[in-house]
4 protein chains.
Amino acid sequence: MSSSFGKNIKITVFGQSHSKGIGMTLEGIPAGKKLDMERLNAFMERRAPGRNAYSTPRKEVDKPDFLSGVVGDVTCGTPITAVIMNTNTRSQDYDILKDIPRPGHADYTGLIKYGEHRDYTGGGHFSGRLTAPLCIGGGIALQLLEEKGIRICSRIASIGDVKDEGDLTEYVLSNTIKEKDRTVYRNPAEERDFPTISEESGKRMQDLIAEAKSEGDSVGGIVECAVFGVPAGLGDPMFEGVENRIAQAVFGIPAVKGLEFGNGFGAAAVRGSVNNDAFRFDDGKVVTETNNCGGILGGISNGMPITFRVAFKPTPSIAKEQNSVNLKTMEATKLIVPGRHDPCIVPRAVPVVEAVAALAIYDILFD
Amino acid sequence: MSSSFGKNIKITVFGQSHSKGIGMTLEGIPAGKKLDMERLNAFMERRAPGRNAYSTPRKEVDKPDFLSGVVGDVTCGTPITAVIMNTNTRSQDYDILKDIPRPGHADYTGLIKYGEHRDYTGGGHFSGRLTAPLCIGGGIALQLLEEKGIRICSRIASIGDVKDEGDLTEYVLSNTIKEKDRTVYRNPAEERDFPTISEESGKRMQDLIAEAKSEGDSVGGIVECAVFGVPAGLGDPMFEGVENRIAQAVFGIPAVKGLEFGNGFGAAAVRGSVNNDAFRFDDGKVVTETNNCGGILGGISNGMPITFRVAFKPTPSIAKEQNSVNLKTMEATKLIVPGRHDPCIVPRAVPVVEAVAALAIYDILFD
Amino acid sequence: MSSSFGKNIKITVFGQSHSKGIGMTLEGIPAGKKLDMERLNAFMERRAPGRNAYSTPRKEVDKPDFLSGVVGDVTCGTPITAVIMNTNTRSQDYDILKDIPRPGHADYTGLIKYGEHRDYTGGGHFSGRLTAPLCIGGGIALQLLEEKGIRICSRIASIGDVKDEGDLTEYVLSNTIKEKDRTVYRNPAEERDFPTISEESGKRMQDLIAEAKSEGDSVGGIVECAVFGVPAGLGDPMFEGVENRIAQAVFGIPAVKGLEFGNGFGAAAVRGSVNNDAFRFDDGKVVTETNNCGGILGGISNGMPITFRVAFKPTPSIAKEQNSVNLKTMEATKLIVPGRHDPCIVPRAVPVVEAVAALAIYDILFD
Amino acid sequence: MSSSFGKNIKITVFGQSHSKGIGMTLEGIPAGKKLDMERLNAFMERRAPGRNAYSTPRKEVDKPDFLSGVVGDVTCGTPITAVIMNTNTRSQDYDILKDIPRPGHADYTGLIKYGEHRDYTGGGHFSGRLTAPLCIGGGIALQLLEEKGIRICSRIASIGDVKDEGDLTEYVLSNTIKEKDRTVYRNPAEERDFPTISEESGKRMQDLIAEAKSEGDSVGGIVECAVFGVPAGLGDPMFEGVENRIAQAVFGIPAVKGLEFGNGFGAAAVRGSVNNDAFRFDDGKVVTETNNCGGILGGISNGMPITFRVAFKPTPSIAKEQNSVNLKTMEATKLIVPGRHDPCIVPRAVPVVEAVAALAIYDILFD
């Protein structure tokens, strides 16, 4: 089913942008797991709108209400359902979009697929609002992964033509805290308001977003992730490899148009002698000297960090006038998209990428 | 299951590089479809080795033998199984690889996953040899798609740092033949020995491959696809969109490390006003002025060509000496990979990309 | 996933007997279907407790609250989620059951599977209470089937050793109303308070239930279904036949221990010449003279009514003293189950059987 | 997919009765399992035809040829494919059946589903011949279960109106051999030519089959199974319980029309105080005094033997004249089915029931 993901655990997302409620059901989580609800809410807060200049001023209270699957804060082994009731919606903003599809948005394809009865208000089921339930399930998966020493770290790699500096893996490893019986990886995206490694680059990205906004325009960007602590041997050859499953999850996020692992498209441009990751022993453990394969060989993890980059297109809903069509009158028309929209969804997308990656990795762990 | 793909139709691939046979089962194909076996063999021939200077000199007879699911050449509605018996194998080439994993290859991860009983000869189930059964199933899907006016066209977009010229969509459309009741799209990859648009670029790519080979090295590249004739409204939001399903299929091809749709990573670098595809009417039909979205909005096809690019890493098996480890003696070692290997798998990968794309698109048609 | 059913449409049931809420998500329903909410509530009412002498006096308000997937009462094509908040729970009744499992109930197996963190109150996720969400989804499926001329009719075939009289198929067909463009089948179970064909048999069954209740005991029974209007050619050979899929759904109802199609176990006792259903033409249409196969040959519908019978064990929660074990003290003990329980769940199970059958049949229609 | 079964392991069956070959692919089997091929062939032999008076005289050489997934006799972790080439077919026997469907057989529904291009020869994909590949996969699963101390025992419980005597569970337990570190359960069906407990009953059943045969008729029967050594806690509530999954598998066997667990339909006729299985301690282990639940409570195993009974209808292909229809001339006609057919398939079905039960149980073990 289209709104479900996972094979060993499964998340099912429901709701439309302006429906009575939105939420998710998460199946397959073992009993006896204590959820840190405060931390989950803090994670949800990272994708919440209205936090700063570059995000929409809507006020959404995204605190999940758990209907089932937990007793107190502890999982009981059966499906976990959490909902968020929708309150602050302004459907009238969308009246014009009933007949005039927004370029770059799913208005047109939703109409073709579902016909006149699709819920077009607020983007319906296609809305970025639906990433909130993804973050509930993903936030739970992140906690359960951490319990196993697995940590997903991320950053904004670029906004428009502004690139972050530094190497994510190196940065995280240099900030790692080795405790007696475990390694604590710190996620830079969690620790700073604007998730880049270079504060200076982050500043320039925010300026670019502000500039786009002032022009009634929007801008895209790239989110980079590295997953630490994944043991070697996870995933399968062919269609259920680590790459396939992360891919199926990541392309479930609205606005994602590209995905690469390790050296990715860069690998296509170089020689094998450059791209191959030589093996060596490190303290008796097999490691590779480089990580161009992104921690995955033949679909299976090799014990190195799993690294990938996700390309987000610019928010399609922009204030600038665009060419569109009126499907009622069947005439060409100009469109100025009404309503409140992020000039760049990339900052809010960072936890969403972590969320779906967590669901994919946690799912793979159960194979 | 890892070696299966599809929801409405399903391909299951079996075999190891040096097992008695390899093959595939294709379920869900309607009864009464006449298969053009000659054309299927011609398609298989496009991925066969030994065709020219840049591919391995192994002689494989890749003609599929159909055990079930057809009566004569016509499908009967039940599972189609076709096998290829393995004959020309030289397992002794792989003895050294039992203990010394090839950098960039799945030898190491296969060992971790399956243990000492994995079949490491010839790369086992991870071998590029397993793309032959993919081409049987995909070749059937291509024929059935064509019956519905859908055609997958492709080219090599780059090898190493050599890029092809021209725009694939424009090139195909300019070569289209409009017949009375249908449009015939011609696949450039099918019509030339080295599948580029610019013959000059193709020449330079072949030189680069020859150069890499002479150095005992290998080189990667990018395959580009465009799918013509797909109606609007196919695919679903979230996890079963057109992108997700093509992604799950494409990352099933060995050596793929990146995938982008439409403008892809390029979209991350530009403004919304540039990336959005404006709608207009063309002969009463809704089309877009550009196709930066690659024919997909909200996971659903919009009626424009579906376009995507696939990054292949360089063949990991190279003759150059590399650093590796001996897992028996637990010592660092040098490795020179024995055996016959393509210096660049990209040319042979072109039909494989078409094959898995055909399986994904045909699967989506049945939703 | 265990709490999900279906391949083309999918229901996911969530909730525990005493959790904050219970509910279901139904995926795959087409857009533009107007739901008759009044009729849905009337259907839900058929399984509601507290209707008469033989059911538990609990008051449950089982009116579903739709959070998503509908705009007004019309489906919009995306997942439909409906919830029922739990209000009238008496968890203290279950304190004794924390350590002493009820014979015949899932208390013991739930503990083994989920450990001390299972939700044992009210039977948790195993509770008959979870059949309410099944009836939401099934009730929707019943309406959509009816739109296609397919009707599921049912009756209680027996309670304990008291059997109903008459033949369900004959009874329904004799009460059929042929309208101009369609046939209206009337479901006897919908039209009478106690769903038997013979009122006299129904009276005797109710007496038996009352007798069991007065003895602090319970009693089982058999529900019979016949599905009218199913076209020939639905379902598949082997593992996704009509029987397999109804079976997977029906054994999802708590307390079901047996299932037979058509002549069922009776077929095992007779000759082929007796059991085979001879073909003949009826008004140019192929029909069979008998329907011992229950409308299914080779897993595929043959156009005759699909008939099956479902055996329910007696309610395991009885007031009579039973032998059990105390898992804390590890001593044998006597148990008198506290709380309010139906002496016979069969009457309330009739709409539940219809519900899951409707989900299975509707799912098969989309193949 | 219809011809596939399983979630953690998966069998895919391919072939038609008279296609070039039949076979199966089994995915998900761990690497390093040594298969006892001699024992597998002996198991296959139990379902082979031509062994005695009551089975068809066809000579089928059902020795599987393994194409992949094994190195020598040891599994390597990737899909196992085995084929049997069809040699001894007499398609001309089936010419008459092209237009005249056999009562009780899938000829008619196959035509409706697949149209004129279905493979009707020998029953095509519906043929009992396809149970041979099921026995390859099931035979492997039986060996792997045995390695874990789990044993499936069975017998013919009845043929027509002749019942076997004795209780299967008691019989097996009384013949159990307790070795130092394990319990060896002996399967009566494996140890005698005609698999009943009472030799006298078996003799009467064979007489009945011979009688039916002499009359050009056939007869049905019931197969009973008991699975020993299954630990408590396997399976899930609702739709993936032990019952649901065995049911989905068992109804995949041609001619099955009924299935009951434990007391089954008998439970519907008695009081709760009679049907409930009281708990007690046995040597510190929780057991039940009776096993009316068939080892399953709430879909989850309780550690007692899993017991079930499967009703087989009489072979539909009989020599006696029957009423049918000619679908070409659209006239009523008489039919005398040509060819060689078992007067009773129950004896040969016993290993098939064991096979699919083994696949289901082994699949559940991986949850």
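That block above? That's the structure.
The structure presented is a predicted model; accordingly, all values stated were derived computationally and were not measured.

**Examining the arrangement of the chains**
And then number 1: There is a gap between chain B and chain C: no contact, and a shortest C-alpha distance of 8 Å.
And then number 2: Between chain A and chain D there is no contact, and the shortest C-alpha to C-alpha distance separating them is 8 Å.

**Quick look at the interface of chain A and chain B**
Many descriptions give the size of an interface as the accessible area lost when the pieces come together.
And then number 1: Every contact between the two is made by 98 residues of chain A and, on the other side, 97 residues of chain B.
And then number 2: Between chain A and chain B, roughly 7,800 Å² of surface is buried when both sides are summed, and carbon and sulfur atoms account for 64% of that area.
And then number 3: A salt bridge links Lys113 of chain B to Asp236 of chain A; the nearest nitrogen and oxygen atoms lie 3.8 Å apart.
And then number 4: Per element, the largest residue contribution to the side of chain A that touches chain B is 6 residues, and it comes from strand 13 (residues 256-261) of chain A.
And then number 5: Taken together, the residues of the side of chain A that touches chain B sort by class into 48 nonpolar, 31 polar and 19 charged.
And then number 6: As judged from the 3 bridges shared by strand 13 of chain A and strand 13 (residues 256-261) of chain B, these two strands associate in the antiparallel manner.

**Structural notes on the packing of aromatic side chains**
And then number 1: If you walk through the whole model with that rule in mind, you get 30 aromatic pairs over all chains.
And then number 2: Through successive ring pairs, a cluster of aromatic residues spans Phe251 of chain A together with Phe261 and Phe308 of chain B.

**Describing the sheet that holds strand 2 (residues 10-14) of chain B**
All names here are of chain B.
And then number 1: In spatial order, the strands read 1-2-3-7-4; together these 5 strands make up an open sheet with antiparallel pairing. Edge positions in the sheet fall to strand 1 (4-5) and strand 4 (65-68), since each has one partner strand and no second.
And then number 2: Helix-sheet contacts for helix 3 (residues 131-147) involve strand 2, strand 3 (21-27), strand 4 and strand 7 (80-85), and the interaxial angle to strand 3 is about 30°.

**A word on the interface of chain D and chain C**
And then number 1: The interface of chain D with chain C comprises 97 residues on the first partner and 98 residues on the second.
And then number 2: On the surface where chain D and chain C come into contact, there are 8 salt bridges.
And then number 3: Residue Lys257 of chain C is joined to Glu243 of chain D by a salt bridge in which the shortest nitrogen-to-oxygen separation is 2.7 Å.
And then number 4: Across the contact surface, chain D and chain C share 45 residue pairs in polar contact (both at pLDDT 80 or more).
And then number 5: With 6 residues, strand 13 (residues 256-261) of chain D is the single largest residue contributor to the side of chain D that touches chain C.

**With respect to the relation of the copies chain A and chain B**
Between the two chain copies there is a screw-like relation: a rotation about an axis and a shift along it.
And then number 1: Once turned by 180° and shifted 0.0 Å along the axis, chain A lies on chain B with an RMSD of 0.0 Å. The operation mapping one copy onto its partner corresponds to a two-fold rotation axis.
And then number 2: With an isologous cut-off of 70% or more, the 99% of interface residues of chain A that recur at the interface of chain B puts this contact in the isologous class.

**Structural notes on the relation of the copies chain D and chain C**
And then number 1: Once chain D has been moved 0.0 Å along the axis and rotated by 180°, it coincides with chain C to within an RMSD of 0.0 Å.
And then number 2: A shared binding surface is used by both copies, with 100% of the interface residues of chain D retained as interface residues in chain C.

**Let's talk about the side chain of Lys10 of chain B**
And then number 1: Along the chain, Lys10 of chain B falls in strand 2.
And then number 2: Buried and unpaired, Lys10 of chain B has Glu27 of chain B as its nearest opposite-charge partner, separated by 5.7 Å.
And then number 3: If we ignore the near neighbours within four places in the chain, the residues touching Lys10 of chain B are Ser4, Phe5, Thr25, Leu26 and Glu27 of chain B together with Met1 and Lys10 of chain D.

**Section: the packing of helix 7 (residues 242-250) of chain D against helix 9 (residues 346-365) of chain D**
For any two helices packed against each other, the geometry is given by the interaxial angle and the distance between the axes.
Residue and element names in this part refer to chain D.
And then number 1: Two elements in contact, helix 7 and helix 9, have axes whose closest approach is 9 Å; the angle formed by their N-to-C orientations is 145°. Crossing geometry of helix 7 relative to helix 9 is assigned as right-handed. Note on element contacts: helix 9 touches helix 7 through Val356, Ala360, Ile361, Asp363 and Ile364, opposite Val242, Arg245, Ile246, Ala249 and Val250.

**Brief notes about helix 1 (residues 37-47) of chain B**
Owing to its 3.6 residues per turn, the α-helix brings residues three or four apart onto one side.
Residue and element names in this part refer to chain B.
And then number 1: By the burial criterion, the buried members of helix 1 are Met37, Leu40, Phe43, Met44, Arg46 and Arg47. All buried residues of helix 1 lie within an arc of 165° about the axis, which places them on one face of the element.
And then number 2: On its buried face, helix 1 sits against strand 4, strand 7, helix 3, strand 8 (151-159), helix 5 (188-191) and helix 9 (346-365).
And then number 3: Regarding helix 1, its N-cap is Asp36, as a side-chain oxygen of that residue lies 3.2 Å from the backbone nitrogen of Glu38 further along.

**Brief notes about the packing of helix 3 (residues 131-147) of chain C against helix 9 (residues 346-365) of chain C**
Residue and element names in this part refer to chain C.
And then number 1: Orientation of helix 3 relative to helix 9, taken along the N-to-C sense of each, is 50°, at an axis distance of 7 Å. Classified by the angle between their axes, helix 3 and helix 9 sit oblique to one another. Note on packing geometry: the crossing formed by helix 3 with helix 9 is left-handed. Across the interface between the two elements, Thr131, Leu134, Cys135, Gly137, Gly138, Ala141, Leu142, Leu144 and Leu145 from helix 3 touch Pro351, Val352, Glu354, Ala355, Val356, Ala358, Leu359, Ile361, Tyr362 and Leu365 from helix 9.
And then number 2: Considering only residue class, the contact of helix 3 with helix 9 consists of 15 nonpolar, 3 polar and 1 charged.

**Quick word on helix 9 of chain C**
And then number 1: The end-to-end C-alpha separation of helix 9 of chain C is 28 Å, in line with the 28 Å expected for 20 residues at 1.5 Å each.
And then number 2: Counting buried positions along helix 9 of chain C yields 19 of 20 residues, so the element is predominantly enclosed.

**Quick notes on the sheet that holds strand 7 (residues 80-85) of chain A**
All names here are of chain A.
And then number 1: Taken together, 5 strands build an open sheet; the order of strands is 1-2-3-7-4 and the sheet is antiparallel. Each edge of the open sheet carries a strand with a single partner, namely strand 1 (4-5) and strand 4 (65-68).
And then number 2: When strand 1 meets strand 2 (residues 10-14), the two strands line up antiparallel, connected through 2 bridges. Bridging from a neighbouring strand, Phe5 pairs with Ile11 of strand 2.

Cut-offs and rules
Residues numbered from 1 in each chain as written. Chains lettered and ligands numbered in written order. Predicted model: local features only at pLDDT ≥ 70, side-chain atom pairs only at ≥ 80, totals over all residues. Heavy atoms only, no water. Contact = heavy atoms within 4.5 Å. Buried area = accessible area lost by both parts, 1.4 Å probe. Salt bridge = Lys/Arg side-chain N within 4 Å of Asp/Glu carboxyl O. Helix = DSSP H or I, 4+ residues; strand = E, 2+ residues; numbered from the N terminus. Nonpolar A, V, L, I, M, F, W, Y, C, P; charged D, E, K, R; others polar. Pairing = 2+ DSSP bridges. Phe/Tyr/Trp six-rings, centres within 6.5 Å; stacked < 30°, edge-to-face > 60°. Axes fitted to C-alpha atoms, helices over the stretch in contact; angles between N-to-C directions. Polar contact = N/O pair within 3.5 Å; in protein donor to acceptor, adjacent residues only side chain to side chain. Least-squares fit on C-alpha atoms with pLDDT ≥ 70 in both. Buried < 20%, exposed > 50% of the residue type's maximum accessible area, 1.4 Å probe, protein only. Lys, Arg positive; Asp, Glu negative; His and termini not counted. Left-handed = near helix turned anticlockwise from the far one by under 90°. Arc of directions from axis to C-beta. Parallel < 35°, antiparallel > 145°, perpendicular 65-115°, else oblique. Expected span 1.5 Å × (residues − 1).

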